[in-house]
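# Analysis of the macromolecular model
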Amino acid sequence: MSNTPMAANPLTRAVLEIDEYASGLGWDQPARLFALVDTARLRVQEPGLAAQLGLGDEEATSGLTPIEQDEIPTGKQLDEFLGTIAWPDAVAGCALTVERLMLPPSAETQVPQGLSDAKLAKWVAEHPERQEVRMTVAVLRDGTRESALRLREKDTPTEVLTGPDLVPGLAEALTATFED
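Quick caveat, the model's predicted, so the values are computed rather than measured.

### Points about the overall build of the protein chain
Check the secondary structure of the protein chain and you find six helices and six strands. For the protein chain, the sequential pattern of α-helices and β-strands runs α-β-α-α-β-α-β-α-β-β-β-α. Looking at the 180 residues of the protein chain, the share that counts as buried comes to 38%. Put simply, 63% of the contacts in the protein chain that link residues at least 6 apart link residues at least 24 apart. Working note: accessible area of the protein chain is about 10,500 Å², and carbon and sulfur atoms make up 51% of it.

Printed below as a string of structure tokens:
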């Protein structure tokens, strides 16, 4: 978490830590899924894993530790994949980082009607106002959520936007992974 800005909220810190990690991997990466576990609980229940993750024996904090999960299968829609996930009780929350193209709100009136998903994706990819964005969204079991958005054209830690409602659809999909 060397360059991650400090945030008062543990969930915001976890989102920024994941954003920094993804940033270090560069752009054009696949989506990545993370379990969020209570750091203090991890140190007590899994000291070997905590040591492997470099958590040491510092005093217990209210922080969250992101643990990257297996690669998301290629060729499967993200929403379909998320519908197959169930988390064990030890997982306090989860996070996902994914890259997408986005358009400014002013482009909404320009969207041609009746396009298939493939044609719409092509139209967005060719739009002159498109921007590449990396979205990192995290949720806790209690419904708390946080997001970080990083534009490729403003790829610096000081330009990362954060907020709980930046990507509501993805937050809702992640929250659903905790439902019985």
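So much for the structure itself; the text now carries on.
### Structural notes on the nonpolar core
Membership of the largest hydrophobic core comes to 26 residues, with the highest contact counts inside it found for L33, W87, L96 and L174. Only β1 (32–38), α4 (78–82), β3 (93–102), β4 (131–140), β5 (145–151) and α6 (168–176) provide two or more residues apiece to this core. Looking at this core element by element, the count peaks at four residues for β4. Setting aside chain neighbours within four positions, we find L174 in contact with L33, L82, C94, A95, L96, V137 and V139. Core analysis: the second largest hydrophobic core is formed by 13 residues, V15, L16, F34 and A95 among them.

### Observations concerning the environment of H127
Turning to its location among the elements, H127 is positioned in the loop between α5 (117–126) and β4. Using a relative accessible area of 5% as the deciding quantity, one classes H127 as buried. A sequence separation of 17 residues divides H127 from Q110, and the C-alpha atoms of the two residues are 9.9 Å apart. When near neighbours in sequence (up to four residues on either side) are disregarded, H127 contacts L103, A107 and Q110. Polar side-chain contacts of H127 include one of 2.6 Å to the side chain of Q110.

### Here's the deal with the packing of aromatic side chains
Under the definition given, this model contains two aromatic pairs. Both rings, one in W87 and one in F178, keep their centres 6.1 Å apart while their planes meet at 25 degrees; by these two values the pair is stacked. One end of the pair, W87, is in the loop between α4 and β3; the other, F178, is in the segment after α6, and 91 residues separate them in sequence. Lying across the ring of W27, R134 places its NZ or CZ 4.1 Å from the centre.

### Considerations on the pattern of salt bridges
Under the counting rule described, the total for this entry stands at eight salt bridges. The partner of R150 in a salt bridge is D19, and the shortest N-O contact between them spans 2.5 Å. You can see R150 sitting in strand β5 and its partner D19 sitting in helix α1 (residues 10–25), a full 131 residues away along the chain. You can call D19 buried: its relative accessible area is 2%. In this structure, R152 engages E132 in a salt bridge whose closest nitrogen and oxygen atoms are separated by 2.7 Å. Note that R152 is positioned in the loop between β5 and β6 (161–163) and E132 in strand β4, a separation of 20 residues in sequence.

Analysis parameters
- Residues numbered from 1 in each chain as written.
- Predicted model: local features only at pLDDT ≥ 70, side-chain atom pairs only at ≥ 80, totals over all residues.
- Heavy atoms only, no water.
- Helix = DSSP H or I, 4+ residues; strand = E, 2+ residues; numbered from the N terminus.
- Buried < 20%, exposed > 50% of the residue type's maximum accessible area, 1.4 Å probe, protein only.
- Contact = heavy atoms within 4.5 Å.
- Areas by Shrake-Rupley, 256 points an atom, 1.4 Å probe, with all protein chains shown as cover.
- Core = buried A, V, L, I, M, F, W, Y, C linked by side-chain atoms within 4.5 Å.
- Polar contact = N/O pair within 3.5 Å; in protein donor to acceptor, adjacent residues only side chain to side chain.
- Phe/Tyr/Trp six-rings, centres within 6.5 Å; stacked < 30°, edge-to-face > 60°.
- Lys NZ or Arg CZ within 6 Å of the ring centre and 35° of its normal.
- Salt bridge = Lys/Arg side-chain N within 4 Å of Asp/Glu carboxyl O.

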